Amino acid sequence: MNVKVGNSTFIKNLNQKRIFKLIHKEGPITRKELADNTDYSAGTISNHVKALIDQGFVIETEKGYSSGGRKPVYLTVNPDKGYIISVEVEVTRVKIVLFNLKIKVVAKTVFPINGPAQAKETISQIFSEIEKILSEREIKPDKILGIGVAVPGLIDKEEGLLEFAPNLGWSKVPIVKYFEDKYGVPVVLENEANAAAVGEKEFVYPDIKDMVYVSINEGIGCGLIFNGRLYRGAGGNAGEFGHIIIDSDGPLCHCGNSGCWETLASENHIQKEYQELTGEENVEKNEIYRKAIEGEDRALSVVKQAAHNIGLGLANIVNSLSPRLIVLGGGIIEADTLIIDTVQSILKEKCLLLSYDKVDIEFTRLKDLACLYGLASYVFNKSIDFETKKN
Ligand SMILES: [Zn+2]
């Protein structure tokens, strides 16, 4: 399926793009409401809406009841006009979600990667899974508006390169090029925690301007939203709080330092500690959480100790950034009830009062789809802007 579709079907007219974005965000919405929310006249709205309907991007729908007379006609995005594919590469598995144009999940698949899988092998596996999803739903490849890919590691956004993903064992992988060569659509590469931060921000907390998404899996990654936008920093990889040093005499980290936060608070740490304490090898982390919930002493003490360390790292984040909200995500959410009290009490003890008073701690509402929703949001915006740049 080597096709070059070049996204030529997307909206070319700038005004129509703007109206389409508004219908996407606020729809179902009437023509009058569109005119009230923009500086376009009713006539201009009517012309552009007609064009959007003729091109198949927007459909008319009836909503609610009127108190007499005609029911108002509402406009909404045609969900099947185009699709977005989000791919999240994790350390032990890959998740793929197909979204429709309304950014609703149409299909989801998860498959394992065994051991430190080779990048190329995994990517061709992803391609065949995507083809399976599309053919099962009889969706033609030219309906794909774009693809988002997230990885748990450092990326070079300009080059479309995965620089280094230590827990995955990949480095210097030209991910964007692989996907662009294959599908010929815009491809977005993003760090997993950044994408998840955007997902939570866009779909759960649109009104919160300063928030930090903390993803606790094999390692720890953070996505920073400042003033409503993702903060990347000068080097493009801001948010590596997994490597703030919690205990300089702590375990050696792959980054070369000792006692980094992720060596003391990640799920890898929980597994390692549990193994050392019990001598049991290869116990799944969810198994450890299950035992802890049942009150098994050793499992509980390992998880509580990690929760203490999670709290220490979060206190550093609260004291240095003073976010309005911290969202906890990643595999650790399986242990949410086990860790929250300890985390809260450490924060209360260690945070500066002014910052502590302002911050809320929540677990991700989008669960294990946060990152995939974030990618879909990127791709949606990028595919709209794609033609703008070319024109
Ligand atoms: Zn480190």
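As the structure is a prediction and not an experimental result, all values here were calculated from the model.

Caption draft 1: Representation of helix H6 (residues 192-203) in the model. In this model H6 runs 16 Å from its N-terminal to its C-terminal C-alpha over 12 residues, within 8% of the 16 Å that 1.5 Å per residue would give. Within H6, 10 of the 12 residues are buried, leaving the element largely enclosed by the surrounding structure. Taken residue by residue, H6 has Glu192, Ala193, Asn194, Ala195, Ala196, Ala197, Val198, Gly199, Glu200 and Lys201 as its buried positions. Where H6 begins, the capping side chain belongs to asparagine 191, and its oxygen is found 2.9 Å from the backbone nitrogen of alanine 193.

Caption draft 2: View of the coordination of the zinc ion. On the protein side, the zinc ion has His243 (ND1), Cys253 (SG), Cys255 (SG) and Cys260 (SG) as donor atoms, found 2.0 to 2.3 Å from it. Geometry at the zinc ion is tetrahedral, judged from its 4 donor atoms and the angles of 104 to 119° they form at the metal. Coordination of the zinc ion draws on donor residues from a single chain, spaced H-x9-C-x1-C-x4-C in sequence. On the criterion of sequence distance, the pair formed by histidine 243 in the loop between strand S13 (229-230) and helix H7 (261-265) and cysteine 260 in the loop between S13 and H7 is long-range, its members being 17 residues apart. Taking the relative accessible area as the measure of exposure, histidine 243 reaches 21% and is therefore partly exposed.

Caption draft 3: Spotlight on the sheet that holds strand S5 (residues 105-112). One open sheet holds the 5 strands; their spatial order is S5-S4-S3-S6-S10, and the pairing between them is mixed. Looking at the sheet topology across the chains shown, the edges are occupied by S5 and strand S10 (187-191). Looking at each pair of strands side by side, their axes are set apart by 15° on average, direction ignored. The sheet contacts of H6 involve strand S3 (83-89), strand S6 (144-151) and S10, and relative to S10 the element is tilted by about 100°.

Caption draft 4: Broad picture of helix H8 (residues 267-278). Spanning 12 residues, H8 covers 16 Å between terminal C-alpha atoms, matching the ideal 16 Å at 1.5 Å per step. Of all the residues in H8, the buried ones are Glu267, His269, Ile270, Tyr274 and Thr278. The buried residues of H8 occupy an angular sector of 150° when projected down its axis, which confines them to one face. Exposed and facing more than 90 degrees away from the buried side of H8 are Lys272 and Glu276. Buried-residue contacts for H8 involve strand S11 (211-216), H7, helix H9 (285-293) and helix H10 (297-321). Looking at the residues trailing H8, positive phi occurs at glycine 279, about 75°.

Parameters and conventions
Residues numbered from 1 in each chain as written. Predicted model: local features only at pLDDT ≥ 70, side-chain atom pairs only at ≥ 80, totals over all residues. Heavy atoms only, no water. Helix = DSSP H or I, 4+ residues; strand = E, 2+ residues; numbered from the N terminus. Expected span 1.5 Å × (residues − 1). Buried < 20%, exposed > 50% of the residue type's maximum accessible area, 1.4 Å probe, protein only. Polar contact = N/O pair within 3.5 Å; in protein donor to acceptor, adjacent residues only side chain to side chain. Donors = N, O, S within 2.8 Å, 3.2 Å for Na, K, Ca; no water. Tetrahedral: all angles 85-135°; square planar, octahedral: opposite > 155°, others 65-115°. Pairing = 2+ DSSP bridges. Axes fitted to C-alpha atoms, helices over the stretch in contact; angles between N-to-C directions. Contact = heavy atoms within 4.5 Å. Arc of directions from axis to C-beta.

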